Amino acid sequence: MRVRDELRMNVNQQPHMASPYGQPQPGYQGYPQPGYGGGHAPSGYPAQYAPYNGPGSAYQQGPPQGYSPYASFPSKTLATNLVSDLSSSSPLDLGMRGPPTSGAPPVSGAQNYSQFGQGETQNGPPPMGAPPQRPPVSQTYTPAAVNLSGPQPPYGQQFEAPPVSMQQMTNQMASMQVGSTAPSPAGPGYAPPSVSQAPISAAYTPAAPPTFPLASTAPTQPLPTEAMAQAPPQSYYRVPPPAQQPFSSTGPTQPQAPPPVSQQSFPQVPPVSQPPFSTALPPGPTQSYGGPLPPTQPSFQRPLLPTSQPSSFPGGPPPTSTPSQFPGVMPPQPPVSQPSPYHSGPPPNATGFPPQVGAQPRPPLAGMQGPPMASQGPPMASQGPPMASQGPPMASQGPPMSQANHVPPSQHGMPPSPTNASLSGPPPQPGMQGYPPQQNGAFGQVRGPQPGYSGPYSGQPNYGAPSAAPAPAPPAPKRLDPDSIPSPIQVIEDDKANKGSEPFTTGVRGQAPPLVTTKFQVRDQGNASPRYIRCTAYNVPCNSDMAKQSQVPLAAVIKPLATLPPDETPPYLVDHGESGPIRCNRCKAYMCPFMQFIEGGRRFQCGFCSCVTEVPPHYFQHLDHTGKRVDCYDRPELSMGSYEFMATVDYCKNNKFPQPPAFIFLIDVSYNAVKNGMVGIVCQELKTLLDYLPRQNPDVESNIRVGFVTYNKVLHFYNVKASLAQPQMMVVSDVADMFVPLLDGFLVNVSESRVVIESLLDQIPEMFADTRETETVFGPVIQAGLEALKAADCAGKLFVFHSSLPIAEAPGKLKNREDKKLVGTDKEKSLFQPQVSFYNTLAKECVAQGCCVDLFLFPNQYVDVATLGVVPTSTGGSIYKYTYFQASTDQERFLNDLRRDVQKQVGFDAVMRVRTSTGIRATDFFGSFYMSNTTDVELAGLDCDKTVTVEFRHDDKLSEETGALMQCAVLYTTCNGQRRLRIHNMAVNCCSQLADLYRNCETDTIINFFAKYAYRSVLSSPTKNVRDSLVNQCAQILACYRKNCASPSSAGQGSGSTADGKRSAADISQLILPECMKLLPVYLNCVLKSDILQPGADVSLDDRAYLRQLVSAMDVAESHVFFYPRLLPLQQLDVESMSLPVAVRDSEERLSRGGVYLLENGLNIFLWVGVNAQQELLQNIFGTPAFSQIDPNMTSLPALDNPFSKRLREIIESVRAQRSRYMKLMVVKQEDKLELIFKHFLVEDKSNNGGASYVDFLCHMHKEIRQLLS
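About the criteria used
- Residues numbered from 1 in each chain as written.
- Predicted model: local features only at pLDDT ≥ 70, side-chain atom pairs only at ≥ 80, totals over all residues.
- Heavy atoms only, no water.
- Salt bridge = Lys/Arg side-chain N within 4 Å of Asp/Glu carboxyl O.
- Helix = DSSP H or I, 4+ residues; strand = E, 2+ residues; numbered from the N terminus.
- Buried < 20%, exposed > 50% of the residue type's maximum accessible area, 1.4 Å probe, protein only.
- Pairing = 2+ DSSP bridges.
- Axes fitted to C-alpha atoms, helices over the stretch in contact; angles between N-to-C directions.
- Parallel < 35°, antiparallel > 145°, perpendicular 65-115°, else oblique.
- Left-handed = near helix turned anticlockwise from the far one by under 90°.
- Contact = heavy atoms within 4.5 Å.
- Nonpolar A, V, L, I, M, F, W, Y, C, P; charged D, E, K, R; others polar.
- Right-handed = clockwise from strand over helix to strand, strands pointing away.
- Core = buried A, V, L, I, M, F, W, Y, C linked by side-chain atoms within 4.5 Å.

## Section: the pattern of salt bridges
Argument step 1. Tallying each qualifying case throughout the model produces 48 salt bridges.
Argument step 2. Of the charged contacts in the structure, one is a salt bridge between Glu-568 and Arg-531, with a shortest N-O distance of 2.5 Å. With Glu-568 in the loop between β11 (555–558) and β12 (572–574) and Arg-531 in the loop between β8 (522–523) and β9 (533–535), this pair connects stretches of sequence that are 37 residues apart.
Argument step 3. As a salt-bridge pair, Glu-1148 and Lys-1239 come within 3.9 Å of each other at their nearest N and O atoms. You can see Glu-1148 sitting in the loop between β32 (1126–1129) and β33 (1156–1160) and its partner Lys-1239 sitting in helix α22 (residues 1235–1239), a full 91 residues away along the chain. Lys-1239 carries the same exposure label as Glu-1148, and that label is buried.
Argument step 4. Connected via shared salt-bridge partners are Arg-900, Asp-901, Lys-904, Asp-943, Asp-945 and Lys-946.

Here is the structure:
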């Protein structure tokens, strides 16, 4: 049996029928969908919610029996019924292949996977004569493959929609279907919609295809319920939503990624009708929102957001799909002859299957781990004749995906959408005001009946009753169900389940490590830990042609001094005495496990260049019967991937051992810095912080010396010699020719001069308390620190605390060049470049001396970070920015950053070189460093957070037997003045088949590389060109996979052929994604719409320059959470358990009005509070039961004496501890002004700066891929 290594999706790009982008319908702004994955019972996941934010109910998470998740390609394609029109639209078949990166979490019970034996499964459409199978109404629901059929929203930017014919539009409008499902018994009281409830969202309502048994033994992932409809866009950031509309819809629903199906391919077939479910109320609790939750869940419930009713729902399904604002792949406005997107008439009885009213609802599946899916509802009664291109019906088809098509009851406050006079369908029913409700993808609430069936609930007599004119109406446009496309959360949770329990041993070449989001232990057995090196691909193409064809970047993200968790051993230190480390004679690679000893151990052959070198007599050792040295496991350099060598004097500057480094604190004492409190805070903190300077041995005092300078237009140096009674100040006003006025007494040992230093730190704030000097210098400040280090002949670090644009007359003087009019033009790149060359020259001098600069900025206006940041980013330093600094709210963040920055382990005067085996070489480098030649990365300072990203290219062929080797060697001075070499070795496999390359990639690392590449490119190219080139490269990667590695049917029988060898119309109509790259589109979209590449109007140029420099040195874990923030539903927090609640996807739809969510992105933490959050929950967190009494300005939570408060504060502290920067807490109340900032981080939604939603971008990517393939 073969493995699942891809996921396919059909995405029918039908035209989007919603109103044009940017014009929301009156009174409607969409709702968020409640967070997915309900409350955690202490014992695990309750039945109501799936254990992770993956597709909804009825999804069996484990593979079916007999299914091996570890073979190569799947043997059978999974066929799923799809109602679509191939000829006119661009169906996407989101198929993903690749080795399973993760198994699924446990399931609560067995489920039917397929009613056919393996032999009956079909690839492609069945022969013409095969009648579609129609299961009885009572048949058990079998999960379906992913159905991504749906119209494409209009994609605002450069994306255009394929033209759609009127006939196709008509056919789309005709196929409407409603499915009622029984809520799962554990549900938190969602009652069926009542008349008083608002019609729930949406621009178009997709139809549900008929239910068919699955035709595949591969595990499929059904999509949680609806193909979400989308309504008009609403802007995120700049325009606050009207008060009565709690959530402006910011984007499409967040898709849930299906687990990799061996190949989810969805042939296009006409649907077959099936009797509808009974309209009787489904079993299960139906208490209204606000009622108590069932005992399986914590007492916080997650009601959904009504649009115009802030109060809780008396009963009714939560609104689901947030109307999307899609920037346009579709025609922006429906033509007059088409029905309004918000009205769905009953489907015509075209295919001759009358609806059966009164069929009984199916009970929820026994083993269901989530609510039943809407796809359990009845299939469409009439779907119109099949299009020619749809091909014959399949003999075996998966059950339908849920697609909502309900005409909702009206909701207060929502005016009906104007009906189009020339509707070809019947008029709207009484009681429906134009927005078809969508079933919530997360919870399986019942939806309203579909037109043509009697109303299920009392009080809705005409809910969807057939109208007088049964003429065929055009089918409702369908759009991608966000729950049916790959979900980052599901991939993360799968990886945790599969790889989080066992230690990761590095002895196997080319083995991809667990994701950065998985907590795991590493055992070094010959390759460097993934904490030190992560690669974009662990199987490298054997030749450059293959690499060019695939376009997969070959790169490594290297973090040489990474901090290890307490349960892992830091690299061993090897001391070979005066002779120094053993090296290859030719390429100078250091002794490592890749060296092969020969001739009885007297010589060794280099693994990098194959040169043979004599073994020095003192290093000789005999070989065992396998050819290994008998002392192999006693020597770290022969058995470990990472270790350190003591360097000899030959490795030191000027052939002499270095002095211990120095720290110099340079404090801006101009008017702004004194007034905002920064000067007082820094001086007070330094009194205690100086006791925590870094040291090699925690029991010994640090031997780092310290010095102090203050400055405004002139510089003040301080003599703090231990013998003085009081510090002495010396002023240098000639800033044009900077020098240090004293040598003795400037750099001192803290313990010796403690009294004088404390006296100085007490006096500085008083001395400058009444200053009126507003102008500052900046260049001379760094020059002063540099000169002091030169005079002391040591390396070191400057801590500069600076507040304003340096406009005083001095070298490095700057002017305000902030010009928002340049944004988006060809001249925009100049805003990222330094204004003057002075700082580039200064940076070069700093690197030569080993002078690293860390810059703390406290600006109230533009300070030109692009220029001021040149020296810090070239010297391996860091920039910290506290805009509009206020002591009361920002002090905690600043002091935590300062403490960590001063205390963290750092190496000085470092040089890094990456050597590779013959066939590839390092060609490009990204990060905070300086390069004076093409091979050596020079870093004045290298701390435990900094990464260097290296790109490799082929310069010859590689062989599959030997693989490809790399060795990163970093020569640096420790904080106590020792010179050391840290070595990291990595071996990866080589492959001659593209499929092997695509099976061993790591998407998070690829995105880290793409972001750094793009952010560097903005220095030389317009941002639009940078975005286009990223999209193009991503499309080429996926198109190459689609063309060369896709399914057995196409790969085995010629591209595009089906099981019977006939050419299929769906050749390129399927979007097929490699299993390990199925998140590439969603993450790439986050990079594309980031503030650097696509800024909103409120993003300052300084912020963009700051983020650009920050990302350039980020490791993979930090870039992952930066681009795709973590969103935790706290109402599901189990205080008894140490585990966190499963995150939900970054979309407004996933937020519940009754919930409280924690969002973190590495720089900020937001606590979002829904207006209907339970009083008990609010009391536990904030100490007040009333939403209105929560103070949105608080930056820390009150320390309350209850388990929930304690656990939540622990979680916030542990999340902060994982990040290199302290994250300030911001409390965001729903409908408050801060919510616009919060929504900016809901990255799966459309952003108000024009960034596409995930659903739109996926469709756009598919269009790009099809263009490349055709």
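Having put the structure on the table, let's press on.
## Considerations on the sheet that holds strand β14 (residues 603–605)
Argument step 1. In spatial order, the strands read β13-β14-β15; together these three strands make up an open sheet with antiparallel pairing. Edge positions in the sheet fall to β13 (596–598) and β15 (612–614), since each has one partner strand and no second. Across the sheet, the mean angle separating the axes of adjacent strands is 30° when strand polarity is ignored.
Argument step 2. With three bridges connecting them, β13 and β14 associate as antiparallel partners. The partner of Phe-597 across the bridge, within β14, is Phe-604.

## A short note on the packing of helix α14 (residues 1003–1017) against helix α15 (residues 1023–1044)
Argument step 1. Packing of α14 against α15 leaves a shortest axis separation of 10 Å and a crossing angle of 150°. In terms of their interaxial angle, α14 and α15 are classed as roughly antiparallel. With respect to the hand of their crossing, α14 and α15 are arranged in right-handed fashion. Judged by residue contacts, Phe-1010, Ala-1014 and Ser-1017 of α14 engage Val-1026, Leu-1030, Gln-1033 and Ile-1037 from α15.
Argument step 2. Considering only residue class, the contact of α14 with α15 consists of five nonpolar, two polar and no charged.

## Examining unusual backbone geometry
Argument step 1. Look at Asn-655: it is not a glycine, yet its phi comes out positive at around 55°.
Argument step 2. Summarising the element assignment, Asn-655 is placed in the loop between β16 (642–646) and β17 (662–668).
Argument step 3. Accessibility expressed as a relative area gives 53% for Asn-655, which makes it exposed.
Argument step 4. Of note in the backbone geometry, Asp-864 takes a positive phi value of approximately 60° without being a glycine.
Argument step 5. Take Asp-864: it is sitting in the loop between β23 (851–857) and α10 (865–868).

## Section: the pairing of strand β22 (residues 796–802)
The side chains of a regular strand alternate, residue by residue, between the two faces of the sheet.
Argument step 1. Among the seven residues that make up β22, seven are buried, leaving the element largely enclosed by the rest of the structure.
Argument step 2. Neither face of β22 is left uncovered, since the one carrying Gly-796, Leu-798, Val-800 and His-802 and the one carrying Lys-797, Phe-799 and Phe-801 both have all their residues buried.
Argument step 3. With six bridges joining them, β17 and β22 adopt parallel strand pairing. Note that in β22 the partner of Phe-665 across the bridge is Phe-799.
Argument step 4. With respect to chirality, the unit in which β22 leads through helix α9 (residues 838–849) into the neighbouring parallel β23 is right-handed.

## As for the nonpolar core
Argument step 1. Grouped together as the largest cluster of nonpolar side chains are 180 residues, with contacts concentrated most on Phe-717 and Phe-1182.
Argument step 2. If one sorts the elements of this core by residue count, α15 sits on top with 10 residues.
Argument step 3. When near neighbours in sequence (up to four residues on either side) are disregarded, Phe-1182 contacts Leu-1167, Val-1169, Ile-1190, Met-1194, Leu-1197, Pro-1198, Leu-1200 and Val-1227.
Argument step 4. Membership of the second largest hydrophobic core comes to 42 residues, among which are Phe-663, Val-682, Leu-693 and Ala-795.

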